[in-house]
Amino acid sequence: MASGYWNRVLRVDLSSGVVSVQTVAEEVWKLCVGGAGYAAKVLLEETSKDTEPFDPANPLIFALGPYQAGNNPGNAKWTVAAKSPLTGTYGDSAAGADWGVALKRAGYDALVVKGAASRPVYLSINDERVELKDAGELWGLDAYQTVEAVQGREGGRGTAVVCIGPAGEKLVRLACIVADAHSFAGRCGLGAVMGSKKLKAIAVRGSRSVPVHDEPACIRLAKERFREILAAAKNNGFRDHGTPNLCITAEAFGDMPIKYWTGDVWPEGAQKLGAPNYTEVLRARPLPCANCPIGCHRNIEVQSGPYAVKGPGPEYETLGMLGTNLLIDSPEAIAKANDICNRLGIDTISTGACVGLAMECYDRGWLSKASTGLELTWGNADAMIELVRQIGMREGFGSLFADGALAAARKIHPDAEPLVAHVKGLDLPAHDARACWSLAVNYATCTRGACHMRGVTEDVEMGGFFVPELGIVKDWTQFFCPENKSELTVKLQDYCAWMNSLVVCVFMVDGGELSFSALLELFNAVTGWEWTIDDAMRSGERIFNLQRLVNLRDGHGRHTDTIPLKMTIPAKKGFRAGKTPAPFEPYLDRYYRLRGWDRGGRPTRECLENLGLVEYAKLAGVM
Amino acid sequence: MSAGQGGCSLQVKVRCFGSLSERLGERRVVELSRQGTVVDVLKVLGVDANQLSLVVVNGRQVRVSEPLGDGDEVMLVTPVSGGT
């Protein structure tokens, strides 16, 4: 057996009710590592261009990696993937809390769910005992209620649970998957895929430890790195203030979304939403995942008033997309909207994009109070909260957005589609590519659509993250200079693809200051593979190209490797005044050359041979 | 008169980000007695240049050796990250 792996994938067919365990050879893990890499392999092999996201044949893949062996810092992450209801191609998302570690301890490297049940069910996994159980009474409950109810049936609070809320049940294409009422696999609408299978929840209890190559080294390294990451996170404010610590800096550098990407500056808003005001007003405290020294998630409380709420608080992305993006500066109101999103189970990023589009269309006179029932003026927090609720419940005017911002725009007005800030159907997160030009390249080419977390290049440009092992050092790339933007993107996309396949929380390296070398040392102690930095980067490149093959097979390519129109319109004032990454084509051409792709964005035969992906390219119909 | 024209004192507006803003406050005005660079501002503030991940003067990313003029706006950034 490969060290760090069980070599076992649990397979559940909801149509037939058959549960089986698939044996997976070490060679497979060496090819794709696990997590997002394994998910790409399954999607390539088991779906076709014609597989629709809500087709029972669309596999919902929950995948772990070798990093979940032992108590490695930041190992609470797990990956979920399927063909996305928003992009129609490879879609993945990651979350934390306790669930992924529990699944690994139950004796599995991944769980693949196919088919669809005829009535609501939940899956119960307790080591070897795997059962499908009736979820009729759970259907309709919100996500927090579901976690509590499932834990009540399945052994109490020690049972880890992922579930969907009403949004997933109603096939809202912004639906997320909720872990332990704490962490959220938000992007790509994968909660709706779970809903299409009538799978309400997955409960896991695990009692086993997967063997590792060098157990004493694993224990020692995990403890040492935990201490170092904790010290770094205390020093840079990440532990005390979480991701809201970024708001003021991001706004000052033109990175934060303002007025659905049409505004230039709003320092007053960022001051109110960001730390330290956020921490004080919302009484925020760290809410760590399992084995996490940082605890970036926030536990918050608003004690009274219309926005009274207690539980997981909004992250930077939510403060951006439901805050500055809408000219809303009340942390309490955003905390309330965030709670509604969490309970109904919708992605706060895409939801913020939908509300932003609604407000922009309202501003242009394409929507009215008479047609919507809401006064959707910029800054109207109560209207935002009500629209968020309606979207999550696929109800009233909000049902217009239940298939995503792009689909809504096509129904609102003939000229509305160009207003939607998306790539491949996935809405931009709360980072502006006009400030950090490498983001333009990353957004355009990321295999799940517009995403910053599969490259985190903006943190390099804003000076928060460097990888000396890859030559990514201070001043290597600078604001508003074209040099090295495509290079940075390729390097970090490959590094992140490898990390998302281990599966490690990216904040251990970006914010926790865990070096690539130290992470690799942990990886080798677990697996015994003695990989070098080059081996890991080649692995990341292979995984990224596997995902790209799914994209190409599903009809994406150069024509969808684009940036939104709004990213080409310069600001009139502020840090990025007059600056945009347009014309964008030269960045894309350079990126393709660096990747060994042709002008259409397809890997050349030489590239595929070097990565050992020729057979996969044939399978995808790409060569 | 700017320092570049005669070596008189000059004032620069400093904005601090990240953990630096918690220690020094977000906005400061620093007076230098002669022509100076970002390094001189850091000396006045008691900041180690190695702590900084980014220095921006008048909207342009620079090195700490950058000469300063009267009224310049200096942004000093210590590492901040986290955008999930």
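Residues numbered from 1 in each chain as written. Chains lettered and ligands numbered in written order. Predicted model: local features only at pLDDT ≥ 70, side-chain atom pairs only at ≥ 80, totals over all residues. Heavy atoms only, no water.

### Considerations on the overall build of chain A
Then, in step 1: A count of helical and extended segments in chain A gives 25 helices and 17 strands.
Then, in step 2: In terms of C-alpha radius of gyration, chain A reaches 22 Å, essentially the compact-globule figure of 25 Å for 623 residues.
Then, in step 3: Along the first, second and third principal axes, the C-alpha set of chain A runs to 60 × 55 × 50 Å.
Then, in step 4: Taken over 623 residues, chain A has a buried fraction of 67%.
Then, in step 5: Within chain A, residue pairs in contact and separated by at least 24 positions form 69% of the contacts whose partners lie at least 6 positions apart.
Then, in step 6: Accessible area of chain A: about 19300 Å², with a carbon and sulfur share of 48%.
Then, in step 7: Between the centroid of the 67 positive side chains of chain A and the centroid of its 72 negative side chains there is a distance of 2 Å. (Helix = DSSP H or I, 4+ residues; strand = E, 2+ residues; numbered from the N terminus. Rg over C-alpha atoms; globule rule 2.2 N^0.38 Å. Buried < 20%, exposed > 50% of the residue type's maximum accessible area, 1.4 Å probe, protein only. Contact = heavy atoms within 4.5 Å. Areas by Shrake-Rupley, 256 points an atom, 1.4 Å probe, with all protein chains shown as cover. Lys, Arg positive; Asp, Glu negative; His and termini not counted. Charge placed at Lys NZ, Arg CZ, Asp CG, Glu CD.)

### A few points about the packing of helix α22 (residues 533-553) of chain A against helix α23 (residues 585-595) of chain A
Residue and element names in this part refer to chain A.
Then, in step 1: At a closest axis distance of 12 Å, the pairing of α22 and α23 adopts a crossing angle of 120°. Considered as vectors, α22 and α23 are oriented oblique to each other. Of α23, the residues touching α22 (which contributes E541, F544, N545 and R548) are Y591, Y592 and R595.
Then, in step 2: Taken together, the residues of the contact of α22 with α23 break down into three nonpolar, one polar and three charged. (Axes fitted to C-alpha atoms, helices over the stretch in contact; angles between N-to-C directions. Parallel < 35°, antiparallel > 145°, perpendicular 65-115°, else oblique. Nonpolar A, V, L, I, M, F, W, Y, C, P; charged D, E, K, R; others polar.)

### Overview of the nonpolar core
Then, in step 1: One finds Y38, Y495 and W498 of chain A to be the most contacted residues of the largest nonpolar core, which totals 230 residues.
Then, in step 2: Excluding residues within four positions of it along the chain, Y38 of chain A makes contact with V9, R11, Q22, V24, V28, W29, C32, I61, A63, A110 and V112 of chain A.
Then, in step 3: By size, the runner-up hydrophobic cluster in this structure holds 20 residues, among which are V30, V41, V47 and V55 of chain B. (Core = buried A, V, L, I, M, F, W, Y, C linked by side-chain atoms within 4.5 Å.)

### Re the pairing of strand β1 (residues 8-13) of chain A
All names here are of chain A.
Then, in step 1: Examined bridge by bridge, β1 and strand β2 (residues 18-23) share six bridges and lie antiparallel to one another. Directly across from R8, in β2, lies its bridge partner T23.
Then, in step 2: Between β1 and β2, which pair antiparallel and follow one another directly, the connecting turn spans four residues, one of which, G17, has a positive phi of 80°.
Then, in step 3: Pairing between β1 and strand β6 (residues 110-114): five bridges, direction parallel. (Pairing = 2+ DSSP bridges.)

### Things to note about the packing of aromatic side chains
Residue and element names in this part refer to chain A.
Then, in step 1: Under the definition given, this model contains 26 aromatic pairs over all chains.
Then, in step 2: Ring centres of F62 and W78 lie 6.0 Å apart, and the angle between their planes is 40°; this geometry places the pair in the tilted category. Of the two residues, F62 is situated in strand β3 (residues 60-63) and W78 in strand β4 (residues 78-83); the sequence distance between them amounts to 16 residues.
Then, in step 3: Take F62: its relative accessible area is 0%, and that puts it in the buried class.
Then, in step 4: Where Y591 meets W597, the ring centres are 5.7 Å apart and the plane angle is 80°; that geometry is what we call edge-to-face. Here Y591 and W597 have matching classes, each one buried.
Then, in step 5: An aromatic cluster is present here, built from Y5, W29, Y38, Y495, W498, F516, F523, W529 and W531 joined pairwise through their rings.
Then, in step 6: One cation-aromatic arrangement involves K200 over W139; the distance from NZ or CZ to the ring centre is 6.0 Å.
Then, in step 7: The aromatic ring of W6 is capped on one face by R208, whose charged end is 5.7 Å from the ring centroid. (Phe/Tyr/Trp six-rings, centres within 6.5 Å; stacked < 30°, edge-to-face > 60°. Lys NZ or Arg CZ within 6 Å of the ring centre and 35° of its normal.)

### Looking at the pattern of salt bridges
All names here are of chain A.
Then, in step 1: Summed over the entire model, instances satisfying the criterion amount to 49 salt bridges over all chains.
Then, in step 2: The partner of R220 in a salt bridge is E224, with the nearest N and O atoms 3.5 Å apart. Here R220 and its partner E224 are both found in helix α7 (residues 215-235), four residues apart, which amounts to about one turn of the helix.
Then, in step 3: In this structure R220 comes out as partly exposed when scored by relative accessible area, which is 43%.
Then, in step 4: According to the relative accessible area criterion, E224 is partly exposed, its value standing at 24%.
Then, in step 5: Close ionic contact of D432 with R434 constitutes a salt bridge, the shortest N to O distance being 2.8 Å.
Then, in step 6: A relative accessible area of 1% places D432 in the buried class.
Then, in step 7: Here the salt bridges do not stand alone but share partners, grouping R220, E224, R225, E228 and E521 into one network. (Salt bridge = Lys/Arg side-chain N within 4 Å of Asp/Glu carboxyl O.)

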